[in-house]
Amino acid sequence: MGIISVERADHLYWMGRYIERVFTTLCTFFDFYDQMIDVDFDAYKRYCETIAIPDVYGSREVFNQKYLYDKNDPNSVYSNLERAYGNAIVMRDEISSHTLAYVQLALDCLESAADSKAPHYDLQQVIDYIHAFWGCVDDRVEDEEARNIMKCGKYLERLDLYLRLGYPSGAVEKEYSKFLNRLRKVQLNYSKEMEDRLTEIIGLGDGGRARYDEALDAIWKFFEVS
Amino acid sequence: MSILHFLYEMQLSFDSMVTDHHFRFRCLPMETEYQKVRNLEYTIEPAGKVGERTDGFGNRICLGEALMPHDYLKLQVRGTVETRAQEEKAREDSTPVDCLIYTLSSELTRPGEKLAEFYEECRKARLSGPEAIMHRLYREFSYVPGSTHVGTTAEEALAGGKGVCQDYAQILIALCRMAGYPARYVVGLLPGEGATHAWTEMWRDGRWLGLDPTHDCAADERYIKLSHGRDFTDCSVDRGCFKGSAGQRQKIYIKVEEENIW
Amino acid sequence: MILDLVDHKESINRLLARYGVKFGIYKNNQFHEQLFPFDPIPRIISREEYEYLDRGLSQRVLALNAFLKDVYSEKKIVKDGVIPADFIFSSKGYLPQCEGICPPKGIYSHISGIDLVQGKDGCWYILEDNLRIPSGASYPMIARDLTRRAAPEAFVRNHVADNRNYAVMLKETMDYVNTGGINVVLTPGRYNAAFFEHSYLAERSGAILCMPRDLFVEDNKLFYRRYEGRKQQVGAVYRRLSDEYLDPLCFLPESLIGVPGIMDVYACGNVAVINAPGNGVADDKGIYYFVPHMIKYYLNEEPILRNAPTYLAFYEKDRKFILEYLSRLVVKDVSEAGGYGVVFGSNLTREQLKALADVIENEPRRFIAQEVIDFIDLDIVEDGGPVPRKADLRAFVLAGETARVWPSGLTRFSRNPDSFVVNSSQGGGFKDTWVLSR
């Protein structure tokens, strides 16, 4: 424990990102699902556009099923959770069997939700498991550096989604500062230029909104250091 | 007795940069009963050597690495060896355990139909011993460079009827083993300029005897021995791996001179 | 008390699923992970019986280690005519690349998995030695963790030796041969059948789980590359990939999962490799026949544990016996691994028996034949109640300063009532193995 290779740092970072992607998209999914009941049947189209995934669904019924559970849809919640699992399973010794178990439980739960008569109960459980996962990370992952790398992934992903989903600039600023706080504690290679750009745009508050595309691009390139 | 000065140069050129290059060279002359190494020096560019050890067959391996980006690797070995002719007279006739591995067929020497047929003909003709088998092989097999490759088996080469020293040596090894003699593959150098040579050693009457089927003669004091093994695979002069997707070219230059000791 | 456990069969299996206790199999070239079904009724081994097995198995592993050391150096056992040279040099597991290499502290088989069965006569028979990368210890280890939680009363009343010390034993085994540096578990990757075990043992023993790309050789030493660029020397590698893939410079040049140069680092004594490359020569089905002879030869002791009665077609006397009694024997091809190349004479037609006899006569070196052992059944829980199944035991022997038998083991049972095959890939399951401490 506590000795991390490039490959393992990568797994920790992406585990953080994918877990967070599942969490925030599931929470958002509920909002859009609510609107689709009687406000806007086609809200899912807006949703796809916002988070920049192709709308391959065609109807809200298909969307509700495929976007959540389809193993062959690379953008589905299931696919993202499976990627989180793929990064977690190889890190059992670092994150502990207890922590890994919550990813396993979330995955099994999402899988059974597909055939469930009360999927929303199961989906809530997926969210609960993710909360438990992060709680377990704090208690069971002994190496501070490993925890911080995971959280770098988590907060950068959250920042990305908040920018896309149009969260209030105060919330965006808060997540960005959490990210920077973790970044300072690890020795990951990153682009100072991208950091400066993000700091500038997010520092503008609501005034920076017009430059969010640029900010998303900076997130994309943040750790892409050659 | 003979004194031989030799130079072995090998250059690998890559068409783009490679890194993390690890290599193993088996091209340092062995100390044997018939061969003493008087002096030996070698250089590797752009890296130094890391170490040396003896492999499971008793061959000297030079271990090296070039981790930083590079687009060539050059090895130069210079030395002098003192050789003497093999003894003719027989010794106590027992086969040590270590020889027994050379009685079993290996990947490149596994006999098939052609080898069985050839051996059967030798038997019918009452050819006595490996020398006679070698003479017959020399007559019936043609030296044609480019007709085979390093992975060609003895059986395939014999079926094609032509090949190079590797094929001659491996066919003779297979035939010796069929006749019940432990036999092994030898890589070494011959006087003049050119490439490495390969021949056969077989165990008889308590000692190893070198036979060169490509030239149809015994391996005498003009032969410098570098390595031996079950077949070509065990004696590969260089093996390496690196990171990078570069094409590579290999250039080898060898020169051996006999010193006039009279 | 054990009934407590029976009631918890479902819940324990659910917990095993939660912790990802699975093994992988390839079906039509696709990787699938499967749960390894757990049966709650333990195999119980009394203290006396364990002490007997401990003596017998330790003795066997000491002799096998002495054999490996001898084979890769002086070969006295061959010179003295105890084992024919042919059985060593033509074994697929014999690696001439390992000639002359003496591993740290002279230990070759650090972790040995010895498969045994108990006959209806109560006698234990050795079926097979696994000295390369035996797997399976992790399953009873984690199952114990969960069964103790599920049915504590069963453990209050039955004094069962705690088997979760396997992690400590493993760490001690690694530390003992460590040449200076960290311990790592080297896995070929998550799509390996035993990946759960690799990751679990790394977690429990405090070793770093690493993929081949995390390791590199420099200056004839082995290092682990840290993400921020520093390097950390590795002193012991518990590698879970097989010999031929270990080092592309020494074995298969096309291996992409090996660590280039690791064999030379090992040969020069700069890292311990667990288990030693080349061990396959000692767990070959042909060599199995000679293990009792090895015990006498190296240790000057009588073998404590028996082999299943085995005949070697190579010897004329044995061959005659095999050909005469072929229909009641089980014939094994020594060049095949695992359950392949195993034929029960009783399942063959007259023509098939004749064909098999011909093959044996033509290639006697290739075959051994054994008496079929009628081994005892163990009960497993099915829907209605207990039903009997064939079961074997894989005992784990760890060799450091001495050889020690882990007070537990993997008990595997067959899925079908009439099957003798206990292999997990054939759908069987596993049980915990209790060694009573008083």
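Residues numbered from 1 in each chain as written. Chains lettered and ligands numbered in written order. Predicted model: local features only at pLDDT ≥ 70, side-chain atom pairs only at ≥ 80, totals over all residues.

## Here's the deal with the packing of helix α8 (residues 144-165) of chain A against helix α11 (residues 212-221) of chain A
All names here are of chain A.
Phase 1: At their nearest, the axes of α8 and α11 sit 10 Å apart, and the two run at 160° to each other. Judged by the inter-axis angle, α8 sits roughly antiparallel to α11. Of the two elements, α8 crosses α11, and the hand of that crossing is left-handed. Only Tyr212, Ala215, Leu216 and Ile219 of α11 make contact with α8, whose side of the interface consists of Leu156, Leu159, Asp160 and Leu163.
Phase 2: Of the residues belonging to the contact of α8 with α11, the class tally is seven nonpolar, no polar and one charged. (Axes fitted to C-alpha atoms, helices over the stretch in contact; angles between N-to-C directions. Helix = DSSP H or I, 4+ residues; strand = E, 2+ residues; numbered from the N terminus. Parallel < 35°, antiparallel > 145°, perpendicular 65-115°, else oblique. Left-handed = near helix turned anticlockwise from the far one by under 90°. Contact = placed C-beta atoms within 7 Å. Nonpolar A, V, L, I, M, F, W, Y, C, P; charged D, E, K, R; others polar.)

## Notes on the domain arrangement of chain C
Frequently, the measure chosen for interface size is the accessible area removed from exposure when the parts meet.
Phase 1: Entries for chain C in the domain assignment read domain 1 (2-287 + 375-435) and domain 2 (309-371).
Phase 2: Using only C-alpha atoms to locate each centre, domain 1 of chain C and domain 2 of chain C end up separated by 29 Å. (Domains from an automatic or database assignment.)

## Describing the arrangement of the chains
Phase 1: Counting contacts across all two pairs of chains found in contact, the highest total belongs to chains A and C.
Phase 2: You won't find any contact between chain A and chain B; their C-alpha atoms come no closer than 16 Å.

## A closer look at the domain arrangement of chain A
Residues and elements named next belong to chain A.
Phase 1: Annotation of chain A at the domain level lists domain 1 (1-142) and domain 2 (154-226).
Phase 2: Domain 1 and domain 2 are separated by 22 Å when their C-alpha centres are compared.
Phase 3: In this complex, domain 1 contributes eleven residues to the contact, which on the side of domain 2 involves eight residues.
Phase 4: Looking at which element gives the most residues to the side of domain 1 that touches domain 2, the answer is helix α1 (residues 6-38), with eight residues.
Phase 5: Its residues assigned to classes, the side of domain 1 that touches domain 2 shows four nonpolar, four polar and three charged.

## Remarks on the interface of chain C and chain B
Phase 1: In this complex, chain C contributes 23 residues to the contact, which on the side of chain B involves 18 residues.
Phase 2: Those elements that provide at least two residues to the side of chain C that touches chain B are α4 (76-79), α5 (85-89), β8 (215-218) and α11 (262-267) of chain C.
Phase 3: Of the residues assigned to the side of chain C that touches chain B, the class counts are twelve nonpolar, five polar and six charged.

## Regarding the pairing of strand β17 (residues 377-381) of chain C
All names here are of chain C.
Phase 1: Residues of β17 alternate between two faces, with Leu378 and Ile380 buried on one and Asp377, Asp379 and Val381 left unburied on the opposite face.
Phase 2: Sheet analysis places β17 next to strand β18 (residues 386-399), joined by five bridges and oriented antiparallel. Bridge pairing links Val381 to Pro386 in β18.
Phase 3: Joining the antiparallel neighbours β17 and β18 is a turn of four residues. (Buried ≥ 20, exposed ≤ 12 C-beta atoms within 10 Å, placed from the backbone. Pairing = 2+ DSSP bridges.)

## Describing the sheet that holds strand β15 (residues 342-344) of chain C
Residue and element names in this part refer to chain C.
Phase 1: Pairing is antiparallel across the open sheet formed by four strands, whose spatial order is β13-β16-β14-β15. Of all the strands in the sheet, just β13 (310-312) and β15 have a single pairing partner and so form its edges. Pairwise comparison of adjacent strand axes, ignoring direction, gives a mean angle of 25° for this sheet.
Phase 2: Judged from the three bridges that link them, β13 and strand β16 (residues 367-371) form a sheet pairing that is antiparallel. Looking across to β16, one finds that Leu312 is bridged to Ile368.
Phase 3: Running at roughly 115° to β13, helix α14 (residues 316-324) makes contact with β13, β14 (329-333) and β16 of the sheet.

## Quick word on the sheet that holds strand β11 (residues 207-212) of chain B
Residues and elements named next belong to chain B.
Phase 1: Taken together, the five strands give an open sheet; going across it, the order is β12-β11-β10-β8-β13, and neighbouring strands pair in antiparallel fashion. Two strands close off the open sheet at either side, each with one partner strand: β12 (217-218) and β13 (224-229).
Phase 2: Direction of pairing for strand β8 (residues 183-189) relative to strand β10 (residues 197-204): antiparallel, over a ladder of six bridges. Bridge pairing in β10 links Tyr185 to Thr200.

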